[in-house]
Amino acid sequence: MAKHHGRGFATIEYPTGMNQNGDPSQAWIKLKPDGRVDVFSGTVDIGQGSKTVHTQIVADALGVPYDWVTMDNTNTDSSAVCTGTFASRGTFIGGNAVRLAAEKVRERILDIASKELEIDPSDLDIEDGEVIARGAPQKKINVADVAGAATYNYGELISGSSTALKPFADVDDATGQVEIEPHSAISYAACVADVEVDDETGEVVVQKLVQVYDVGRAINPTLVEGQIEGGAIMGLGLGLLENSYPYYPSVKHRGGQFGAYLAPALRDMPEIDNVIIENPSADGPFGAKAIGEMANNAQPPAIANAIFDAVGVWLTEMPATPDRVLEALAAKREPTRDGKRVVFDEHLSLKAVSANQGEGFFGVEA
Amino acid sequence: MNLIVNGSEVEIVSPPLTPLLHVLRDELDITGPKAGCQQGGCGTCTVLIDGEPRRSCLTAVAAVDGASITTIEGVGQAEELSAVQAAFYKHYAAQCGFCTPGMVLAATALIERKGGPVERDEVLEALGGHYCRCTGYVKIIDAVMAASRGEVDSVDDLPVPEPGQPEVLPKGSPA
């Protein structure tokens, strides 16, 4: 009876949003007469930080300071439509909606500024809340003055709306087959798990998780890290502790009360190491792809692989609870019979009788 | 029954066996302590009773008659965060925020008790009964340790919120 160490590896590829057709997110942006920006985006922030990221995207796309932008997505009547906060789609699809809407608003700002400055809009840029003539920085007008002029002189409400929507696929009438374009923003991730398995109690402890995520562009690196770290612990819960309705709608696997549903607490935390890869997507807002739901996908298979590496059993059902580990180990200890041959499993039986885990004999040079 | 809640003395009319959590939330309209599992398992209802972190969902109000109760509302305000709150803000230690009141109060009590920098293991011990399902705990531990080292001791370290009135009067505005 001993503790065994193992290392497992898993990779995932994650198509952002729903990988069929449609899946819209809408956004509407308007400028107040003082140049401050109101954004009505359908994307709901459930704590992952999409409000912050969308505000950054709008501020950058418009060229105004971050604190000029107010994100109001708390009202289902006034806000635009969004399919939902799921499938890691908030930054890529919702973010594209606010980016495209902001680009339309930018065009209108430049048009009005062009009238005020008497300079062609194509020669104008917006930087830090000021419309500046390219090559002649003394020719400039504050976005607040542009918005005021639009409101009080030109009778225009500067606004822009847009929808990020994946184009519909073609259906072949003859065969009924659907041709779907390869998804434009597939995120990639890898996870390495180091585990310790106790073959007496069946307990699995995850000691370290190394996680690498290709997110296209980390618009807010600290929030990306928050998603990766949070996903790590959720994935650890799925791998070791939490029964998550595999046979929905049957509630057979649901804990009857809070105490019966185990989720990872601080003492379950492994050492966590994150790597963020920025490999920009041509279609993403500022190259961003996804991080979110995908962040808890790689850990359970990596843990399962690590358990195999440690004790040579495959757990095909998650979570790897002590009873499942012990059951698998017991099955493995049972010898296989082939006629007159009775064969014990090499991996466990050898180690069980060996003082040094089958590494060789003491005092003998290998 | 009387309680001193966040420094103010209040008379309680709820029945004596009412959980302190419901007295705070329903009678006094103090909603900082969250009703999570209500079985003492998740930690988000934690308040300080005479300075000690306790589960308000498991505490009958009669058992703490006359005690001094501190909820998250008594720790700091939006414009005047406590050291722990400022550290949580700076380290992005909250995502959905549901566990945050309990985490901040337990961390505040830990730092108060220790009176100086706390070790990682002490944070694990003090916050071990608090669930967080968003952050993976990493940034919460960072924040508590930073607060205990006095790294974030005031809101002066934080960005200044935008004043209510815009600085630039729009051109042609009747104002």
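Everything quoted here is computed from the prediction, not taken from an experiment.

## Re the interface of chain A and chain B
Part 1 of the reasoning: On the side of chain B, 34 residues touch chain A, which itself brings 35 residues to the contact.
Part 2 of the reasoning: For the pair chain A and chain B, the summed buried surface comes to about 2,900 Å²; carbon and sulfur atoms form 57% of the total.
Part 3 of the reasoning: By the criterion of area lost to chain B, the three top residues of chain A are F258, L266 and R267 of chain A, representing 25% of everything that side buries.
Part 4 of the reasoning: For K139 of chain B, the salt bridge goes to E225 of chain A, with nearest N and O atoms at 2.7 Å.
Part 5 of the reasoning: The interface formed by chain A and chain B holds 10 residue pairs in polar contact (both at pLDDT 80 or more) in total.

## Thoughts on the nonpolar core
Residue and element names in this part refer to chain A.
Part 1 of the reasoning: Of all hydrophobic cores here, the largest spans 44 residues; its most connected members are V37, V58, I109 and V131.
Part 2 of the reasoning: It is helix 2 (residues 90-117) that contributes the most residues to this core, 12 residues altogether.
Part 3 of the reasoning: Taken together, domain 1 (3-15 + 185-327) and domain 2 (22-165) each give at least three residues to this core, which thus spans both.
Part 4 of the reasoning: When residues no more than four places from it in sequence are discounted, the contact partners of V37 are I29, K30, L31, V58, L62, V64, W68, V69 and T70.

## A closer look at the pattern of salt bridges
Part 1 of the reasoning: The full count for this structure, using the stated rule, is 23 salt bridges over all chains.
Part 2 of the reasoning: The partner of R133 of chain B in a salt bridge is E242 of chain A, and the shortest N-O contact between them spans 2.6 Å. Taken as a pair, R133 of chain B in the loop between helix 4 (120-127) and helix 5 (138-148) and E242 of chain A in the loop between helix 4 (221-240) and strand 13 (271-277) lie in two separate chains rather than in one.
Part 3 of the reasoning: Here E242 of chain A falls in the buried class, since its relative accessible area comes to 4%.
Part 4 of the reasoning: One network of salt bridges, in which partners are shared, links K30, K32 and D38 of chain A.

## Quick notes on the environment of R133 of chain B
Part 1 of the reasoning: Look at R133 of chain B and you get partly exposed, because its relative accessible area is 36%.
Part 2 of the reasoning: Measuring from C-alpha to C-alpha, the distance between R133 of chain B and Q95 of chain B comes to 9.2 Å, with 38 residues separating the pair along the chain.
Part 3 of the reasoning: Leaving out residues up to four positions away in the same chain, R133 of chain B has contacts with M234, E242, Y261, A263 and P264 of chain A.
Part 4 of the reasoning: Among the polar contacts made by the side chain of R133 of chain B, one reaches the side chain of E242 of chain A at a distance of 2.6 Å.

What counts as what
- Residues numbered from 1 in each chain as written.
- Chains lettered and ligands numbered in written order.
- Predicted model: local features only at pLDDT ≥ 70, side-chain atom pairs only at ≥ 80, totals over all residues.
- Heavy atoms only, no water.
- Contact = heavy atoms within 4.5 Å.
- Buried area = accessible area lost by both parts, 1.4 Å probe.
- Salt bridge = Lys/Arg side-chain N within 4 Å of Asp/Glu carboxyl O.
- Polar contact = N/O pair within 3.5 Å; in protein donor to acceptor, adjacent residues only side chain to side chain.
- Core = buried A, V, L, I, M, F, W, Y, C linked by side-chain atoms within 4.5 Å.
- Buried < 20%, exposed > 50% of the residue type's maximum accessible area, 1.4 Å probe, protein only.
- Helix = DSSP H or I, 4+ residues; strand = E, 2+ residues; numbered from the N terminus.
- Domains from an automatic or database assignment.

The quantities given are spatial measurements derived from coordinates; they are silent on function.
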